[in-house]
Amino acid sequence: MTIKTCLRAAIAALALGAAFIAPARAEVSEVRISKGFGILYLPLIVMQDQQFLEKRAKAAGLGDIKVSWLMLDGGNVINDAMMAGTLDFAGTGAPGFVTLWAKAKGIPGVEVVGVSGMSSTSLWLMSNKPELKALKDFTTADKIALPGIKTSLAAVVLQMIAAKEFGDAGYAKMDPMTVSLPHPEALAALIGGKTEIKAHFTSPPFQYIEAKSPGIHRVLNSVDYLGNLTLDVTFAPKKFVDANPKMTQAFIDAMDDATALIAKDKKLAAEIFAKSSKVKVDAAEVQEMIEDKDARFTATPEGVMQFAEFMHKAGSIKVKPAKWSDMFVPQLAGRSGS
């Protein structure tokens, strides 16, 4: 064997060895996350402010990552953005996530998966029309503003309440009254009182602002009908979490960091929210909202199966999970969710 032949053999052997020991494809160095308006998104707002994901990613060996934040409100808008491939992680109402999970289940490259729970609180139906004291008082002329018709968090919760008020067959009775409007705009319309908007089904801080406004009263509280449920979750494309396990775990850890901060220092959490809010709110008042008995913040999903079961019964989803963990990443399977 000539020297040239030996060299060729050695180079080939080195190349083959390198192929076996080469590291796996690097994970993403930029992450795109969407959040929405209101206290329900507080964990994501705290995560952004404290740069918890950047810190967790670096600790996981992912280096200095870039995190881009988008403001999106309403399940339809968020789902469209996720399907278009412009989001990696999204905060959204649990019903919007369940809808997309069921629709995309089993479709390679399109499937989505829950990454964490996020928050729960009471939703209030507020009105500027004195005659509207219960759902039965509404007519088709009395429009109810919420972020997105039929599939948004508020829309599905309203359907669940209607089912309790009018029977299962009457779950959609309020749908003709609903109109899609972001919370800040709906608040302005309700307080202004000069539009067709006669009610607003909303979350903190908007409901508290409305409650203190002259001529505005509360029609109902969602917790009185449904108890405490995880109302907002985070989710991602399944292909993304499969390709980026370290980033996914870093996100879950960052969510735990954010909820831990909220539990430990509600004053700081309130200040962070007030600073970022599109609607002017006082930090002390925000702290009261966070301390409300109905407000909970945790990465563990609680009661999400109630949404799935209702939506399957109503026919809005065709696929029902056997258990809550079927809809979420394996990293959460050991938690006491529901």
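Our subject in this report is the structure included herewith. (Residues numbered from 1 in each chain as written. Predicted model: local features only at pLDDT ≥ 70, side-chain atom pairs only at ≥ 80, totals over all residues. Heavy atoms only, no water.)

### Remarks on the environment of isoleucine 272
By the element assignment, isoleucine 272 lies in helix H12 (residues 266–276). The class of isoleucine 272 is buried, set by a relative accessible area of 3%. Taking C-alpha positions, isoleucine 272 is 28 Å from alanine 155, a pair spaced 117 residues apart along the chain. In contact with isoleucine 272, not counting residues within four places along its chain, are Ile45, Val46, Asp49 and Gln50. (Helix = DSSP H or I, 4+ residues; strand = E, 2+ residues; numbered from the N terminus. Buried < 20%, exposed > 50% of the residue type's maximum accessible area, 1.4 Å probe, protein only. Contact = heavy atoms within 4.5 Å.)

### What to know about the packing of aromatic side chains
Applying the stated rule across the entire model yields seven aromatic pairs. When the centroid spacing of 4.2 Å and the interplanar angle of 10° are considered together, the rings of phenylalanine 89 and phenylalanine 251 count as stacked. One end of the pair, phenylalanine 89, is in strand S3 (residues 89–93); the other, phenylalanine 251, is in helix H11 (residues 245–264), and 162 residues separate them in sequence. No difference in accessibility class separates phenylalanine 89 from phenylalanine 251, as the two residues are buried. Taken together, the aromatic side chains of Phe97, Phe235, Trp324 and Phe328 make up a single cluster linked through ring pairs. (Phe/Tyr/Trp six-rings, centres within 6.5 Å; stacked < 30°, edge-to-face > 60°.)

### Here's the deal with the pairing of strand S1 (residues 30–35)
As paired elements, S1 and strand S2 (residues 66–71) share six bridges and run parallel to each other. Across the sheet, the residue bridging to isoleucine 33 is tryptophan 69, located in S2. Strand direction decides the pairing type here: S1 and S3, joined by two bridges, are parallel. Counted as the bridge partner of serine 34 is alanine 90 from S3. (Pairing = 2+ DSSP bridges.)

### Focus: the environment of phenylalanine 240
Here phenylalanine 240 shows up in helix H10 (residues 238–243). For the pair phenylalanine 240 and valine 156, spaced 84 residues apart in sequence, the C-alpha separation works out to 28 Å. Residue contacts for phenylalanine 240: discarding those within four places in its chain leaves Val28, Asp88, Phe89 and Met247.

### A short note on the layout of surface pockets
Over the atoms rolls a probe the size of a water molecule, and in doing so it shows where empty space is left. Here the largest pocket is characterised by a volume of approximately 220 Å³. Met160, Ala163, Lys164, Asp168, Tyr171, Leu226, Gln306, Glu309, Phe310, Lys313 and Ala314 together form the lining of the largest pocket. Among the elements of the structure, helix H6 (153–166) and helix H14 (304–314) are those that each provide at least two residues to the lining of the largest pocket. With five residues, the top contributor of residues to the lining of the largest pocket is H14. In terms of residue class, the lining of the largest pocket is built from six nonpolar, one polar and four charged. (1 Å grid on protein atoms, 1.4 Å probe; cavity = no way out; pocket = protein on both sides within 12 Å on 5 of 7 lines; lining within 4 Å. Points joined across faces, edges and corners; volume = space filled by probe spheres on them. Nonpolar A, V, L, I, M, F, W, Y, C, P; charged D, E, K, R; others polar.)

### Re the nonpolar core
In this structure, Leu53, Phe201 and Phe307 are the most contacted members of the largest nonpolar core, which totals 109 residues. Considering each element in turn, this core owes the most residues, ten residues, to H6. (Core = buried A, V, L, I, M, F, W, Y, C linked by side-chain atoms within 4.5 Å.)

### Observations regarding the sheet that holds strand S5 (residues 124–127)
Spatially, five strands are ordered S7-S6-S8-S5-S9 in an open sheet, and the strand pairing comes out mixed. The sheet is open, and its two edges are formed by strand S7 (178–180) and strand S9 (217–221), each paired on a single side. Between one strand axis and the next, the sheet turns through 30° on average, direction left out of account. Where S5 lies against S9, four bridges are found, and the strand directions are antiparallel. Paired with tryptophan 124 across the bridge in S9 is asparagine 221. (Axes fitted to C-alpha atoms, helices over the stretch in contact; angles between N-to-C directions.)

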